[in-house]
Each structure stands twice: as C-alpha cells, then as structure tokens.
Amino acid sequence: MANKPFLNLRETITGMEELISQRPVPHKNKHFEKPYLRDKVQAIYLWWHKPVVDRELLQSLPNLKVIANSGVGMDHLDLKLIAGFGVKMANAPHAVSNSTADTGMALLLASARRIIEVAPNVEYCEADLLGVEVTRATLGIIGMGSIGYKIALRTACLKYSVILFYFFFFPVRKEQEEQLVGATYCGKLESLLQQSDFVMVVVSLTPQTRKLIGKREMELMKPTATLINISRGAVVDQEALVSALQDGVIRAAALDVTYPEPLPRDHPLLKLKNVIITPHLGIKTEKTARMITEEAVENILAALHGLPMPNEVKL
Ligand SMILES: O=C(O)C(=O)CO
C-alpha cells in the first residue's frame, strides 16, 4: 500500500501509456512504442535514465516544458540540445546524497576489510587475509558536491583526516561546509593522491573529468591506497586501473560504476581479487526513490506554474 502513491506519480508523469490515443507512434524508445497523445505531454520524469532524450523525441513533443532527472549525474543528456528546444531541466541533488554516500562508505569499508573476497570463506580467518585500518586514515574526496559533503560527514566518527579537491563542476569552495566536516582543502589533485589512503571519486562526468584518474594519477597514489569510484565509470581509465591493480601500483579498487555497465563477463576487472564491483547501486534504496520522485514532482510543478524551479540545471 505504502508504495502506491509513488508508483502512481511515476506512472502519471513518465508513463505515456496513460495518455492514450488511438494513433500508434513507433519510436526507438521502448517507452514510446505505445500510443499516446504527443501534444499533451508537458513534462518527462526520467526514471533511471529512461526514456532516451534525443532530437527525435524532443521534436515529437511540441508542448514539452520540463524534464526532471532522477539523479544528480546528467552525462546521459545533451543539455544544449534540450535547452535548444526551450525545455527546462532539473535534477535531484538532495534526494540522492545520503544513499550514494552510504554506497561509497560501504565500498570503502568492504574493500578495507576484504569483506567480499573472504565472505564465501567460512574457514577461520587466515593471517594472509589481513585488511587495512580505516580509523585515522586519510580520505581524499575528489568533488565536494552534496554527495562528497555527506561522505565527509560520515567519516567524522572514524577520525579520518579528510582532504578535499574540488573539480570543475564545483569550482567554488564551500568553506563553511569544510569547517563543519573538518576537511582540509587541497589545492592540487596530485597532492591529494599522494597523501590519501582512500581516494573517493565523486565528480560528475564531463569532458574535463573523463579519464581524470589515469595511469599517472594511479602512480601518484600510495601502493597501499584504495580507489573508490561512485561517480561515473569513465572518470577512471579502466585499462590503466587493471594494470595498476595487477602490478600492485595501488592496493585495491571498489567501483559502483564502470564502462560499460554492466561489464562484459570476461572483463579483466571481474577476474581480479582486489576489486569490488557493484552494479551502480548508488541511489537505489526505496526511500531515495521516493525522495527523488518528490523532488522531481516539485520541480515539474514549479516549471508548469511558471515558478522558480528548486533544482533547475542552468546551462
Ligand atoms: O545520481 C546519480 O546520477 C547517480 O548515479 C547516483 O549513483
């Protein structure tokens, strides 16, 4: 019962099936194979990146006013193209921050204590299964948006020394937030990589952040360091990562994101013991799904009523 309103909302906004017409409209988007009244559609709620928003779709919806994204990352969208059609765009940075930060911390702890590697082994722990300590470790967070901040908050009880590096997407320092979480701003990515025991990647994927962490950056990291990526797979150079993990350049990696998603079954990353890969779990909790929907509805209603949208993405 508790799920019902949420599902109804989602179907009402995304579900073009609800807008029945007798005119079948073929479209390469699965969501649009069913008949619907194109000229009635004023808003789209993108649920886990679907439907694909391309020129063909935008051209087919003459009254579309707003698109609300169900997450914070928007690398799957051509924002210029959307703006060119006069359509407003919103995302959901607040709703996603806690659950994504939890995913990052879960990966960090699981990797530090080799939980996934040893879990199937119910024999008593052998000396060679030693992990690394997280208390008083140095955590480098690359990207201090809403998720980076929540990660820093979570580390306070572990007495981490948190160092931060902002990337292009968040060029403005948030000194008050830094103070609140006791984080030290690090002016150079190189020095963050050199100092950190755990490096957490939380930046958006943009042309500037694609392969931000490559061979050179991994070589700057400590051989005992762990790389955790909860942003987008393409921010890390995966080929360089495979070599770095095979050659002991870094200790381990924990990835919630890869490219492609999912990885082909024979991908070398899936064969390495010092890697944890989860299937882009980031925001996937029931509560977050509801909150994202609420945030999307708020934005959509604001746009349709000509009010300022709380999370408008401005180009
Ligand atoms: O919010 C997003 O875009 C995410 O992918 C979180 O995992």
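See above for the structure.
Residues numbered from 1 in each chain as written. Predicted model: local features only at pLDDT ≥ 70, side-chain atom pairs only at ≥ 80, totals over all residues. Heavy atoms only, no water.

### Some thoughts on the packing of aromatic side chains
One pass over the structure, following the stated rule, counts 2 aromatic pairs. Between Trp47 and Trp48 the ring centres are 5.0 Å apart and the planes differ by 50 degrees, which places this aromatic pair in the tilted class. For Trp47, a relative accessible area of 14% translates into the label buried. The class of Trp48 is partly exposed, set by a relative accessible area of 28%. One aromatic cluster is present, built from ring pairs that chain together Tyr45, Trp47 and Trp48. One residue, Lys284, lies across the ring of Trp48, its end atom 4.8 Å from the ring centre. (Phe/Tyr/Trp six-rings, centres within 6.5 Å; stacked < 30°, edge-to-face > 60°. Buried < 20%, exposed > 50% of the residue type's maximum accessible area, 1.4 Å probe, protein only. Lys NZ or Arg CZ within 6 Å of the ring centre and 35° of its normal.)

### Regarding helix 4 (residues 93–112)
Here helix 4 spans 28 Å end to end across 20 residues, near enough to the 28 Å set by a 1.5 Å rise per residue. The element helix 4 is largely enclosed, with a buried count of 15 among its 20 residues. One or two residues past the end of helix 4 sits Arg114, with phi positive at roughly 55 degrees. (Helix = DSSP H or I, 4+ residues; strand = E, 2+ residues; numbered from the N terminus. Expected span 1.5 Å × (residues − 1).)

### Focus on the pattern of salt bridges
Once their charged atoms are close, side chains differing in charge can pair, the charge on each being opposite to the other. Taken as a whole and assessed by the stated rule, the structure comprises 9 salt bridges. Put simply, Glu286 and Arg290 hold a salt bridge, and the shortest N to O gap is 3.7 Å. Remark: Arg290 and Glu286 occur in helix 11 (residues 286–304); sequence separation between them is 4 residues, near one turn of the helix. A relative accessible area of 22% means that Arg290 is categorised as partly exposed. The residue Lys314 makes a salt bridge to Glu312 at a minimum N-O spacing of 3.8 Å. Of the residues examined, Lys314 reaches a relative accessible area of 65% and is grouped as exposed. If you follow the salt bridges from partner to partner, you end up with Glu190, Arg216 and Glu217 in one network. (Salt bridge = Lys/Arg side-chain N within 4 Å of Asp/Glu carboxyl O.)

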